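Chains, contacts and geometry: an overview
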Amino acid sequence: GEDVEQSLFLSVREGDSSVINCTYTDSSSTYLYWYKQEPGAGLQLLTYIFSNMDMKQDQRLTVLLNKKDKHLSLRIADTQTGDSAIYFCAANSNSGYALNFGKGTSLLVTP
Amino acid sequence: KAGVTQTPRYLIKTRGQQVTLSCSPISGHRSVSWYQQTPGQGLQFLFEYFSETQRNKGNFPGRFSGRQFSNSRSEMNVSTLELGDSALYLCASSLRRTTFTDTQYFGPGTRLTVL
């Protein structure tokens with residue numbers, strides 16, 4: 001199976017919270033990342049969490065990590081239409097600087 | 001501080017040709033990684049360069065190669081282009097504070113179309 005898996009689509013109403021989930025297989029991953037990609041653009045680093053942390057909060061973003069289950073989630077509070085984009089979960093591989101990416105979750109925020 | 005820059009932003013080539021893409025990392029960053037993004041395969045790691053040496057390599061054929069210069073700028077080359085090489089090529093830079101891994105910042109990418 002894939003090293004990093006994500007659900008492909010999520011639709012939420014403006015003002016609601018969005019939760020994007022991710023699972024990974026490599027237990028040696030020490031950095032776990034969330035990137036955002038808007039149409040025609042590169043990847044924007046949103047946040048990251050070290051594997052020895054359970055939670056990280058950064059303004060509207062909250063990352064939760066369950067290392068036992070190898071499950072990562074990104075919560076976006078008060079989701080806005082400008083948050084519509086593809087969100088990628090990534091984990092560093094045991095070979096170092098190579099990142100393993102999920103296929104991306106397409107978030108659609110409707111007014 | 002300026003971000004990662006990639007040139008050109010768009011390229012159109014024909015099968016059999018070769019292409020060179022360029023990446024300038026964030027000032028002070030010494031590691032440059034390259035990724036290929038396609039609708040079918042998603043984001044795949046090509047290789048990483050640090051101190052002008054390839055440190056990690058993904059599972060791509062030898063037609064894909066790269067190099068890094070003393071100022072940390074990097075180029076990647078694809079020879080004998082195939083239709084399947086059409087993709088967004090993304091470059092990422094990092095400080096490489098540890099030998100294991102470090103946060104990577106991506107550029108806007110180069111969109112390569114092979115006809």
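We now turn to the structure provided with this report. The model shown is predicted, which means the values in this text are computed figures rather than measured ones.

Our next topic: the pattern of salt bridges. Applying the stated rule across the entire model yields 6 salt bridges over all chains. With its nearest N and O atoms 2.9 Å apart, the salt bridge here joins A:Asp83 to A:Arg60. On the criterion of sequence distance, the pair formed by A:Asp83 in the loop between strand E8 (71–76) and strand E9 (85–92) and A:Arg60 in the loop between strand E6 (55–58) and strand E7 (61–66) is long-range, its members being 23 residues apart. Residue classification places A:Asp83 among the buried positions, given a relative accessible area of 8%. The exposure class of A:Arg60 is partly exposed, given its relative accessible area of 33%. B:Arg63 is the partner of B:Asp85 in a salt bridge, and the nearest nitrogen-oxygen pair spans 2.8 Å. Residue B:Asp85 is found in the loop between strand E8 (74–78) and strand E9 (87–94), and its partner B:Arg63 is found in the loop between strand E6 (53–57) and strand E7 (64–68); the two are separated by 22 residues along the sequence.

So, about the pairing of strand E4 (residues 31–38) of chain B. Residue and element names in this part refer to chain B. Counting buried positions over the 8 residues of E4 gives 8, a clear majority of the element. Neither face of E4 is open: one carries Ser 31, Ser 33, Tyr 35 and Gln 37, the other Val 32, Trp 34, Gln 36 and Thr 38, and all of them are buried. Bridging between E4 and strand E5 (residues 42–50) involves 8 bridges; their strand directions are antiparallel. In the sheet register, Trp 34 faces E5, and the bridge partner there is Phe 47. A loop of 3 residues connects E4 with E5, the two strands running antiparallel in sequence.

Conventions used here
Residues numbered from 1 in each chain as written. Chains lettered and ligands numbered in written order. Predicted model: local features only at pLDDT ≥ 70, side-chain atom pairs only at ≥ 80, totals over all residues. Heavy atoms only, no water. Salt bridge = Lys/Arg side-chain N within 4 Å of Asp/Glu carboxyl O. Helix = DSSP H or I, 4+ residues; strand = E, 2+ residues; numbered from the N terminus. Buried < 20%, exposed > 50% of the residue type's maximum accessible area, 1.4 Å probe, protein only. Pairing = 2+ DSSP bridges.

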